[in-house]
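# Fold and contact review
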Amino acid sequence: MTKRFAALAAALCLTLCTLTTAAGAASHFPPYTGASTSIAAALDALGADPSYANRAKIAAANGIAGYRGTAAQNTRMLELLRQGVLIDPSAPAAGDSPYYPPYTGASSSIAAALDALGADPSYASRAKIAAANGISNYSGSAAQNTALLELLRQGRLLRPGSSASPAAPGGLTSANLSRVSFIRQDRNTCKATSAAMAVNLLLGSNRYSTTSMIHSGVLCRSLEGNVYTGSDANAYRTTYKTDSYVGSLRELEAAVDAALANGLPIVTAVHSASSPHHWIVVVGRDSAGNYLAVDPARSGSGSMASQARSMAAMGYSFGLTDYAQPHYGYISFQRR
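Residues numbered from 1 in each chain as written. Predicted model: local features only at pLDDT ≥ 70, side-chain atom pairs only at ≥ 80, totals over all residues. Heavy atoms only, no water.

### Notes on the packing of aromatic side chains
- Counted by the stated rule, this structure contains four aromatic pairs.
- For the ring pair Tyr52 and Tyr67, a centre distance of 5.4 Å and an interplane angle of 40° mean the geometry is tilted. Within this pair, whereas Tyr52 is found in helix 3 (residues 52-61), its partner Tyr67 is found in the loop between helix 3 and helix 4 (71-83), the two being separated by 15 residues in sequence.
- Exposure remark for Tyr67: the relative accessible area of 10% places this residue in the buried category.
- The aromatic ring of Trp279 is capped on one face by Lys191, whose charged end is 5.0 Å from the ring centroid. (Phe/Tyr/Trp six-rings, centres within 6.5 Å; stacked < 30°, edge-to-face > 60°. Helix = DSSP H or I, 4+ residues; strand = E, 2+ residues; numbered from the N terminus. Buried < 20%, exposed > 50% of the residue type's maximum accessible area, 1.4 Å probe, protein only. Lys NZ or Arg CZ within 6 Å of the ring centre and 35° of its normal.)

In structure tokens, the structure reads:
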């Protein structure tokens, strides 16, 4: 029975992975730090498409003409990838980022910093920026402006109207979403890949991979009771409600809202028109109050922040619907 279920889950994740549209958001691939001498293996390790066709596109984007997969061409691309300067041809322009570029100047004025970046520094504009970043009732106070400037220096100041939204102020998701790399799932590892990204968000590092979360074949290993030390030095215990857990929509929504209120990620069971069985990482809400999530089936690279999209826009709803009764599983974390 377990093998039959695993095969079904694998097929469903594969269907979704195949049907999901491509969307990268970083101008360069993140640096490859592994030991492999294969450009295909290095791209695959970063969650990027390692196929010959995609490598040909990457080569062309990086000035390597007439790509034929020669050793010299592949070595050149690998060198660029190790340096973090290999251009990702699937990525949109830098201006499409939901975040302002980091401010590196010496000014202690948020207005001057925005102006230096070519952004509107007016009070009205700053009020909109403050609201987009979870700072309500903006009055231009020193504390509010300092908070905005700190986010801007860190490259985590959201543009008004962007698709991303911060988690609770001071939360680990907000602190680490731009630091942790997006991982693209293998053909059938949506839950294991989502779990790896969620735990990495707690840690603020790219410590775990999809393989780290595999128990047998394609199954995500049980994380129930596991304790992780977050980047804030606090301990977080895992609650693991897997595919067979029935639960309820009300329970799942309450778990998601609790996680976001505490600035923490949560892995949730979802379905769409193209797949009745999938798992994603919910990381926040957008300006309209819709849940924001990172989908491991998307094609792309860069940080998790660059991949955050509205659940509604991606066509997802909570629950697995490949059962007689929907199942509302999730993987959440609670501070001890």
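### Some words on the pairing of strand 4 (residues 235-241)
- Bridging between strand 3 (residues 227-229) and strand 4 involves three bridges; their strand directions are antiparallel. Residue pairing for strand 4: Thr229 is matched across the bridge by Ala235.
- Counting the residues that bridge the hairpin from strand 3 to strand 4 gives five residues, and of these Ala233 lies at a positive phi of roughly 75°.
- In this structure, strand 4 lies alongside strand 10 (residues 330-335), joined through six bridges in antiparallel fashion. Its bridge partner lying in strand 10, Lys241 is registered against Tyr330. (Pairing = 2+ DSSP bridges.)

### A look at the nonpolar core
- Among the nonpolar cores identified, the biggest contains 38 residues, and Met213, Tyr228, Val283, Met304 and Phe333 are the most heavily contacted of them.
- When residues no more than four places from it in sequence are discounted, the contact partners of Met213 are Ala192, Ala195, Ala196, Val199, Tyr208, Leu219, Cys220, Arg221, Leu223 and Tyr228.
- If you look at the next biggest cluster of nonpolar residues, it comprises 17 residues, including Leu252, Leu260, Tyr291 and Ala293. (Core = buried A, V, L, I, M, F, W, Y, C linked by side-chain atoms within 4.5 Å. Contact = heavy atoms within 4.5 Å.)

### Quick notes on the confidence of the model for the protein
- Across the protein, the average pLDDT comes to 82, with 85% of residues at 70 or higher.
- No element of the protein has a lower mean pLDDT than helix 1 (residues 2-19), at 48, and none a higher one than strand 5 (residues 266-271), at 95.
- Of the regions scoring below 50 in pLDDT, residues 18-26 engages in 26 contacts with residues more than four places distant in sequence or in other chains.
- Low pLDDT, under 50, characterises residues 165-169; the stretch is placed with 19 contacts to residues that sit more than four places away or in other chains. (pLDDT = per-residue confidence, 0-100.)

### Side note on helix 9 (residues 190-203)
- Relative to the 20 Å expected for 14 residues at 1.5 Å per residue, helix 9 spans 20 Å between its end C-alpha atoms, a close match to the ideal helical length.
- Phi turns positive one or two residues past the end of helix 9, at Gly204, with a value near 75°. (Expected span 1.5 Å × (residues − 1).)

### Observations concerning the side chain of Ser272
- With respect to the element layout, Ser272 can be found in the loop between strand 5 and strand 6 (278-285).
- Polar contacts involving the side chain of Ser272 include one to the side chain of Ser274, which spans 3.1 Å. (Polar contact = N/O pair within 3.5 Å; in protein donor to acceptor, adjacent residues only side chain to side chain.)

### Remarks on helix 7 (residues 142-153)
- Taking 1.5 Å per residue as the helical rise, helix 7 with its 12 residues ought to reach 16 Å, and the 16 Å between its terminal C-alpha atoms agrees with that figure.
- The set of residues buried in helix 7 consists of Gln144, Asn145, Leu148, Leu149, Leu151 and Leu152. End-on view of helix 7: buried residues confined to an arc of 160°, all on one side of the axis. Opposite the packed face of helix 7, turned more than 90 degrees from it, sit the exposed residues Ala142 and Ala143. (Arc of directions from axis to C-beta.)

### Remarks on the pairing of strand 10
- In the sheet, strand 5 pairs with strand 10 via two bridges, with the strands oriented antiparallel. Each residue of the ladder has a partner; that of Thr268, found in strand 10, is Tyr330.

### Side note on the environment of Gly84
- Positionally, Gly84 belongs in the loop between helix 4 and helix 5 (110-116).
- Sequence separation between Gly84 and Tyr32 is 52 residues; the distance between their C-alpha atoms is 7.1 Å.
- Apart from residues no more than four positions distant in its own chain, Gly84 is found in contact with His28, Phe29 and Pro31.

### Re the pattern of salt bridges
- Scanning the model with the defined rule gives four salt bridges in all.
- Close ionic contact of Arg76 with Glu79 constitutes a salt bridge, the shortest N to O distance being 3.6 Å. Of the two residues, Arg76 and Glu79 are both situated in helix 4; the distance of three residues between them amounts to about one turn of the helix.
- Among the residues examined, Glu79 registers a relative accessible area of 38% and is labelled partly exposed. (Salt bridge = Lys/Arg side-chain N within 4 Å of Asp/Glu carboxyl O.)

### Things to note about the side chain of Gln144
- Among the secondary structure elements, Gln144 is positioned in helix 7.
- Classification of Gln144 as buried rests on a relative accessible area of 12%.
- From its side chain, Gln144 meets the backbone oxygen of Asn137 in a polar contact 3.2 Å long.

### Concerning unusual backbone geometry
- The phi angle at Ala233 is positive, at roughly 75°, despite the residue not being glycine.
- Turning to its location among the elements, Ala233 is positioned in the loop between strand 3 and strand 4.
- Looking at Ala233, the relative accessible area reads 64%, which means it is exposed.

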